2 protein chains.
Amino acid sequence: MSEATSAVIPGSTALFTDKYELTMLEAALADGSGDRPCVFEVFARRLPSGRRYGVVAGTGRLIDALATFTFGESELASVSRFLAPGTVEWLRNFRFSGDIDGYREGDFYFPGSPILSVSGTFAECVLLETLVLSIFNHDSAVASAAARMVSVADGRTLIEMGSRRTHEEAAVAATRAAYLAGFDSTSNLEAARRFGIPAAGTAAHAFTLLHTTSAGRDEASAFRSQVETLGVDTTLLVDTYDITAGVNTAIEVAGPGLGAVRIDSGDLGVLARQVRRQLDGLGANRTKIVMSGDLDEYGIAGLRAEPVDAYGVGTSVVTGSGAPTAGMVYKLVEVAGIPVEKRSAAKESRGGAKKAVRYARRSGTLVEEVVYPADLDRVPDGDGSVVHDLMVPLVRDGDPVGGLPTLEESRRFLSRGMVSLPWEGMTLSAGDPAIPTRFVRAR
Amino acid sequence: MSEATSAVIPGSTALFTDKYELTMLEAALADGSGDRPCVFEVFARRLPSGRRYGVVAGTGRLIDALATFTFGESELASVSRFLAPGTVEWLRNFRFSGDIDGYREGDFYFPGSPILSVSGTFAECVLLETLVLSIFNHDSAVASAAARMVSVADGRTLIEMGSRRTHEEAAVAATRAAYLAGFDSTSNLEAARRFGIPAAGTAAHAFTLLHTTSAGRDEASAFRSQVETLGVDTTLLVDTYDITAGVNTAIEVAGPGLGAVRIDSGDLGVLARQVRRQLDGLGANRTKIVMSGDLDEYGIAGLRAEPVDAYGVGTSVVTGSGAPTAGMVYKLVEVAGIPVEKRSAAKESRGGAKKAVRYARRSGTLVEEVVYPADLDRVPDGDGSVVHDLMVPLVRDGDPVGGLPTLEESRRFLSRGMVSLPWEGMTLSAGDPAIPTRFVRAR
């Protein structure tokens, strides 16, 4: 009973996979190459146009998804339509037993950063490609956009309210990524249940319109009902009809102790000042102003000088603010110790398993990232006096390592990390990555 | 056992919901307005910049999701943290019992088209808002972009392979929407299982790289292995190293009966001609050419004159080709028979429940869409001799009506519909909607 009505618990994540991973598996098992030890790496060839940094997100979700990446009867029945019986038997016993290392969730990444390194046999590593990329491309796109919004909001409250603008399950993951990046709360109840993220929200225009009678509109009744049920600390939405009248009515009904008013349309900058003056004039000095309505990082920046206490952000955060996917790829870089790489126009990858460090000044400001061959006997010198290791163990022999950070810990990690970016890297304007990356080639 | 390992079956969809739907519910139940009969409508205020038409998608998924939109113990426990016991009890017994009418899945929509009309009590209708919009905003964004690709592909095969570029569950819904719009197959195995969509795909560059030995690269071994396991009808990926050498090797290994070659990088137009000549010269006249690599509708259009047999499309289709969300809203338009609408700057909605028809010439070409008050006693006259009703019953008393179209039927409906657009509406160039929409106001 409780199972039938419980959350969307992924039974098996194994079919979130492109067909060709399984046909490659079949051919590799047949010719014996499936057992060759391999290293695959996840990286982005570039950042979205003009962006200064990306934020790694999805690691925690990948660890969870890996636990159910197994083939049950239903999955086996489905793939047996195009696979040979021997391959199906192999899948029946499949469980990823390799190692995964990667950047910490909530860390920055730049073009070519080896965000994740997956090692094991070809057979077991190739199967993970699609799921790994789905998770990282989605979550990192959202977190990267959200971090810019958090940065420019400069300590003011950010509420994620974009669930309705994206797929219902993607919305839950987007909320997680936005929270990781520093958003304060979400409208999404499933994200609140699944990840413990604080939920927020009070009323829409529909609630005010609902109180229309044959005698006409009745904003006061709507506000009175909301305050009676949700308390005087609630947020009243004041722009269904006339905003000035709406604010007056709100304070008449709730008194000067009203929690907040929300404005969802119009020239938000002008309205913020006007409504602040009006509230102060009514003695509601502590009533906050929440702004929403197609805000993105630029809209938030435009309101920096205005008396806004909180921003509600929807479409722009869940769609990565113009970059809905992070452009990460999952590439085979090493086979049986031999570096491999594709060699056709434009899409070059760099062969060989890699590690990465970042150099910083003593002040903490980052200077450069250095990516180097994993078998180098020492960390290359860099331009900076403090060196940070970027890759940490995540999975050993198929099991998550102990002590992986919680979502809250990763959120704090990013928050601390933000102050280490050089100031040019924090600007919203388009430009080069915040720090350069140097690639040390194999000897 | 089979349950633990089966597909991601949503237990309850009820928490894919914004918190404010439930706080509004609580206030409306407390003041008695929760029982007022209401009509909510879904519409898009505008199409994405320059687009000529949108494609309605998500209806079938909504019908499925509605069946599990109920609150079990886990959901109740979660919402009881902020709701009063009376509201929680109300939710325990909740089941949507209203009516839903809407445009057919696979039909076009234009700015202001009343795509969905949900009627029932305020309490039951308001709860559906977030889920309805998540489904329609995502699925319609993908289908609208996909339809342009199908249109410009002009009968050539389109393979959806974008799963890795979007959230893993969104990928399954995106595949469904792309197939609805006329794509031929998908890489996504979960979509194949869940919706019966044909799956496609053979090998990635990793498979070729895997066959590297200490003696160096060995493309021939990789091709041989693939042909032995998957048959001569397979598609060999020929651009891992040198394309001309790759094509020669492919035909040497597979013979002139090889199914296809795939090219994933480079100047695709030049390569298509060059590889076609090469294949023909090798006697492989029937070996097809599959092109992939960051294709969108414009890239496909650019290859129209080239000898390409199939396109693999990834990022652009699953992200709506620049418009990852359809911008649809869910607005209260009528309360107890009284038309209602928000009256603040820019975001005006049109009050009152509506219906819609489309007028066409006898030839079938659409001329205009007319949206009119639902209580009008007859369909308004229009510019055209044939009239099509656009809204059909979908749900009655909470249950799906009988005979709702299958995904295949909706796919054929759209395919037939495409020939009814005026030719200006079919161009990729930016411009006005393909047909104008006229809004007949209430008397």
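Analysis parameters
Residues numbered from 1 in each chain as written. Chains lettered and ligands numbered in written order. Predicted model: local features only at pLDDT ≥ 70, side-chain atom pairs only at ≥ 80, totals over all residues. Heavy atoms only, no water. Helix = DSSP H or I, 4+ residues; strand = E, 2+ residues; numbered from the N terminus. Buried < 20%, exposed > 50% of the residue type's maximum accessible area, 1.4 Å probe, protein only. Areas by Shrake-Rupley, 256 points an atom, 1.4 Å probe, with all protein chains shown as cover. Lys, Arg positive; Asp, Glu negative; His and termini not counted. Charge placed at Lys NZ, Arg CZ, Asp CG, Glu CD. Pairing = 2+ DSSP bridges. Expected span 1.5 Å × (residues − 1). Axes fitted to C-alpha atoms, helices over the stretch in contact; angles between N-to-C directions. Parallel < 35°, antiparallel > 145°, perpendicular 65-115°, else oblique. Contact = heavy atoms within 4.5 Å. Nonpolar A, V, L, I, M, F, W, Y, C, P; charged D, E, K, R; others polar. Domains from an automatic or database assignment. Buried area = accessible area lost by both parts, 1.4 Å probe. Salt bridge = Lys/Arg side-chain N within 4 Å of Asp/Glu carboxyl O. 1 Å grid on protein atoms, 1.4 Å probe; cavity = no way out; pocket = protein on both sides within 12 Å on 5 of 7 lines; lining within 4 Å. Points joined across faces, edges and corners; volume = space filled by probe spheres on them. Phe/Tyr/Trp six-rings, centres within 6.5 Å; stacked < 30°, edge-to-face > 60°. Lys NZ or Arg CZ within 6 Å of the ring centre and 35° of its normal. Least-squares fit on C-alpha atoms with pLDDT ≥ 70 in both. Polar contact = N/O pair within 3.5 Å; in protein donor to acceptor, adjacent residues only side chain to side chain.

**Q** Kindly report on the overall build of chain A, identifying the contributing residues and their values.
**A** Looking only at helices and strands, chain A has 16 helices and 19 strands in total. Seen through its C-alpha atoms, chain A measures out along the principal axes to roughly 80 × 55 × 40 Å. Taking all 443 residues of chain A together, 61% fall into the buried category. Surface exposure of chain A reaches about 15900 Å², of which carbon and sulfur atoms provide 50%. Side-chain charges in chain A split into 45 positive and 55 negative, and the spacing between the mean points of these groups amounts to 4 Å.

**Q** Hey, could you go over the sheet that holds strand β13 (residues 338-339) of chain B for me, with residue numbers and the actual values?
**A** Within a sheet, adjacent strands bond to each other through the backbone by hydrogen bonds, running parallel or antiparallel. Residue and element names in this part refer to chain B. Taken in spatial order, the 7 strands line up as β13-β12-β1-β5-β3-β17-β18 in an open sheet, and their pairing is antiparallel. The open sheet has two edge strands with one neighbour each: β13 and β18 (399-400). Examined bridge by bridge, strand β3 (residues 99-103) and strand β5 (residues 116-121) share 4 bridges and lie antiparallel to one another. Each bridged residue has a counterpart across the sheet, and for isoleucine 100 the counterpart in β5 is valine 118.

**Q** How would you sum up helix α6 (residues 129-153) of chain A? Please name residues and give values.
**A** All names here are of chain A. The end-to-end C-alpha separation of α6 is 36 Å, in line with the 36 Å expected for 25 residues at 1.5 Å each. Taken across its 25 residues, α6 has 24 buried, putting it largely inside the fold. In the stretch just after α6, aspartate 154 is the one whose phi turns positive, near 55°.

**Q** Explain the packing of helix α1 (residues 19-31) of chain A against helix α10 (residues 219-230) of chain B to me, using residue names and the numbers behind them.
**A** In contact at an axis separation of 9 Å, α1(A) and α10(B) are set at 105° when each is read in the N-to-C sense. With respect to each other, α1(A) and α10(B) are oriented roughly perpendicular. Contacts from A:Thr23, A:Glu26, A:Ala27, A:Ala30 and A:Asp31 of α1(A) reach α10(B) at B:Ser225, B:Gln226, B:Thr229 and B:Leu230. Classifying every residue of the contact of α1(A) with α10(B) by side-chain character gives 3 nonpolar, 4 polar and 2 charged.

**Q** Give me the domain arrangement of chain A: which residues, what numbers.
**A** Residues and elements named next belong to chain A. Taken domain by domain, chain A holds domain 1 (19-142 + 323-439) and domain 2 (156-318). At the junction of the two partners, domain 1 supplies 17 residues and domain 2 supplies 19 residues. Summed over both partners, the interface of domain 1 with domain 2 buries about 1500 Å², with 65% contributed by carbon and sulfur atoms. Of all residues in domain 1, Val142, Leu407 and Arg411 give up the largest surface area on contact with domain 2, accounting jointly for 44% of the area buried on that side. A salt bridge links arginine 176 to glutamate 105; the nearest nitrogen and oxygen atoms lie 2.8 Å apart. Elements with a contribution of two residues or more to the side of domain 1 that touches domain 2: α2 (59-67), α6 and α15 (407-418). Looking at which element gives the most residues to the side of domain 1 that touches domain 2, the answer is α15, with 5 residues. Partitioned by chemical class, the residues of the side of domain 1 that touches domain 2 number 6 nonpolar, 5 polar and 6 charged.

**Q** Quick rundown of the sheet that holds strand β6 (residues 157-160) of chain B? Include the residues and the values.
**A** Residue and element names in this part refer to chain B. In space, the 6 strands of this open sheet follow the order β7-β6-β11-β10-β9-β8, with parallel pairing throughout. Every other strand in the sheet has two partners, leaving β7 (185-186) and β8 (235-237) as the edge strands with one partner each. Here β6 runs beside β7; their pairing, made up of 2 bridges, is parallel. Pairing of isoleucine 159 across the sheet is with serine 185, part of β7.

**Q** So what's going on with the pattern of salt bridges? Residues and values would help.
**A** One pass over the structure, following the stated rule, counts 50 salt bridges over all chains. The residue B:Arg193 makes a salt bridge to A:Glu75 at a minimum N-O spacing of 2.8 Å. Note that B:Arg193 is positioned in helix α8 (residues 189-195) and A:Glu75 in helix α3 (residues 73-79), a pairing that runs across two chains. Each of the salt bridges in this network shares a partner with another, and the network as a whole consists of A:Glu75, B:Glu169, B:Glu190, B:Arg193 and B:Arg194.

**Q** Please provide a residue-by-residue account of empty space enclosed by the protein, values included.
**A** A full pass over the atoms with the stated rule returns 4 cavities of 30 Å³ or more. If you trace the largest cavity, you find 16 residues lining it, with A:Thr166, A:Val318, A:Pro324, B:Thr166 and B:Pro324 closest to the centre. Of all the secondary structure elements, the ones that give two or more residues to the lining of the largest cavity are α6 of chain A together with α6 (129-153) of chain B. For the lining of the largest cavity, the class distribution of residues is 8 nonpolar, 7 polar and 1 charged.

**Q** Let's hear about the packing of aromatic side chains: which residues, and what values?
**A** If you walk through the whole model with that rule in mind, you get 14 aromatic pairs over all chains. Seen in terms of ring centroids, A:Tyr53 and A:Phe108 are 5.4 Å apart; in terms of plane orientation they differ by 70°. Their pairing is edge-to-face. Highlighted residues: A:Tyr53 in the loop between β1 (37-44) and β2 (54-55) and A:Phe108 in strand β4 (residues 108-109), separated in sequence by 55 residues. Neither A:Tyr53 nor A:Phe108 differs from the other in exposure class; each is buried. Ring centres of B:Phe69 and B:Phe71 lie 6.1 Å apart, and the angle between their planes is 90°; this geometry places the pair in the edge-to-face category. Comparing B:Phe69 with B:Phe71, the two get one shared label, buried. An aromatic cluster is defined as three or more aromatic residues linked by ring pairs; in this entry it consists of A:Phe69, A:Phe71, A:Trp90 and A:Phe94. Between the NZ or CZ atom of B:Lys19 and the centre of the ring of B:Phe82, over which it lies, the distance is 4.7 Å.

**Q** Run through the packing of helix α7 (residues 168-180) of chain A against α15(A), naming residues and quoting values.
**A** Residue and element names in this part refer to chain A. Between α7 and α15, the shortest axis-to-axis distance is 8 Å and the interhelical angle comes to 45°. The angle between α7 and α15 falls in the class oblique. Counted together, Arg176, Tyr179 and Leu180 of α7 and Leu407, Glu408, Ser410, Arg411 and Leu414 of α15 form the full contact between these two elements.

**Q** Before we move on, could you go through the relation of the copies chain B and chain A and cite the residues and values that matter?
**A** Superposition record for chain B on chain A: RMSD 0.0 Å, screw rotation 180°, translation along axis 0.0 Å. On this basis, the relationship between the two copies can be described by a two-fold rotation axis. When the interface residues of chain B are mapped onto chain A, 100% of them again lie at the interface, so the same face is used by both copies.

**Q** I'd like to hear about the environment of A:Val132, residue by residue, with values.
**A** All names here are of chain A. Inspection of the secondary structure puts valine 132 in helix α6. Note: C-alpha distance between valine 132 and proline 405 (273 residues apart in sequence) is 19 Å. Setting aside anything within four residues of it in sequence, one finds valine 132 in contact with Val42, Leu62, Leu116 and Tyr330.

**Q** Let's hear about the interface of chain B and chain A: which residues, and what values?
**A** Listed per partner, the contact involves 107 residues of chain B and 107 residues of chain A. Between chain B and chain A, a total of about 8600 Å² is buried, with carbon and sulfur atoms accounting for 59% of that surface. There are 10 salt bridges connecting chain B and chain A. Among the ionic pairs, B:Arg164 bridges to A:Asp18, the shortest N-O distance being 2.9 Å. The interface formed by chain B and chain A holds 51 residue pairs in polar contact (both at pLDDT 80 or more) in total. Examining the composition of the side of chain B that touches chain A, we find that 11 residues originate from one element, helix α1 (residues 19-31) of chain B, more than from any other. In terms of residue class, the side of chain B that touches chain A is made up of 42 nonpolar, 38 polar and 27 charged.

**Q** If you had to explain unusual backbone geometry to someone new, which residues and values would you point to?
**A** Residues and elements named next belong to chain A. Phi at aspartate 294 takes a positive value of approximately 55°, unusual for a residue other than glycine. Tracing the chain through its elements places aspartate 294 in the loop between β10 (288-291) and α13 (297-302). Taking the relative accessible area as the measure of exposure, aspartate 294 reaches 67% and is therefore exposed. Phi at alanine 336 is positive, roughly 50°, even though this residue is not glycine. Along the polypeptide, alanine 336 turns up in the loop between β12 (328-335) and β13 (338-339).

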